[in-house]
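In case you want the letters, here they are:
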Amino acid sequence: IIVRMVDSYMFFISKSMELMKKDGRIGNIVPDVFFYQIDNWKLRKKFLENLTLENAIKLGNIFENVNRPSCVFIASNSFSGKNSEFIYSDLSMKKV
């Protein structure tokens, strides 16, 4: 799943997928680059071939002293094999 760079969140996503029970769900808070950075293409491929994305939430910079936007995703392994809809929310500009 590693193309060029090693980042710990990549291992967490992959391991979460391996540990899922039948009809299970996973949810992770990860850097938002998981969804678009070229280094993640193999992991995204594995993710999309085996899971159904249910929710994706863009959080922005939520951690102190960390200059890397984050996101949350929730996915299930009740994969239908066809395109499905998911809920996307952008909370990155909301003031808390």
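Preceding this paragraph is the structure being described.
For clarity, every value in this text was computed on a predicted model and none was experimentally measured.

J.: In this structure, what is going on with helix α2 (residues 41-50)? I would like to understand it.
T.: An α-helical segment advances 3.6 residues per turn. Residues three or four places apart therefore align on the same side. Those residues of α2 not exposed but buried are L43, R44 and F47. Within α2, the buried residues cover an arc of 100° as seen down the axis, which keeps them to one side. Looking at the buried side of α2, the elements it contacts are α1 (8-19), β2 (52-60) and β3 (70-76).

J.: For this particular structure, what's the right way to read the sheet that holds β2?
T.: In a beta sheet, neighbouring strands pair by backbone hydrogen bonds and run either parallel or antiparallel. Taken in spatial order, the four strands of this open sheet run β1-β3-β2-β4, and their pairing is mixed. In this open sheet, the two strands that pair with only one neighbour each are β1 (25-31) and β4 (87-90). For this sheet, the mean inter-axis angle between neighbouring strands, taken without regard to orientation, is 10°. In this structure, β2 lies alongside β3, joined through seven bridges in antiparallel fashion. Its bridge partner lying in β3, T52 is registered against S76.

J.: Explain unusual backbone geometry here, please?
T.: Despite not being glycine, D23 shows a phi value in the positive range, around 55°. As for its placement among the helices and strands, D23 is situated in the loop between α1 and β1. The residue N65 is not glycine, and still its phi comes out positive at about 60°. Topologically, N65 is positioned in the loop between β2 and β3.

J.: Teacher, can you tell me more about the packing of aromatic side chains here?
T.: The description of an aromatic ring pair uses the distance of the two centres, along with the angle that the planes make with each other. Summed over the entire model, instances satisfying the criterion amount to four aromatic pairs. Geometrically, the ring pair formed by F34 and F47 is edge-to-face, given 5.5 Å between the ring centres and 75° between the ring planes. With a gap of 13 residues between them, F34 in the loop between β1 and α2 and F47 in helix α2 connect regions that are remote in the sequence. Judged by relative accessible area, which is 1%, F34 ranks as buried. Centre to centre, the rings of F47 and F73 are 5.1 Å apart; their planes meet at 90°, and the pair counts as edge-to-face. Residue F47 is found in helix α2, and its partner F73 is found in strand β3; the two are separated by 26 residues along the sequence.

Calculation criteria
Residues numbered from 1 in each chain as written. Predicted model: local features only at pLDDT ≥ 70, side-chain atom pairs only at ≥ 80, totals over all residues. Heavy atoms only, no water. Buried < 20%, exposed > 50% of the residue type's maximum accessible area, 1.4 Å probe, protein only. Helix = DSSP H or I, 4+ residues; strand = E, 2+ residues; numbered from the N terminus. Arc of directions from axis to C-beta. Contact = heavy atoms within 4.5 Å. Pairing = 2+ DSSP bridges. Axes fitted to C-alpha atoms, helices over the stretch in contact; angles between N-to-C directions. Phe/Tyr/Trp six-rings, centres within 6.5 Å; stacked < 30°, edge-to-face > 60°.

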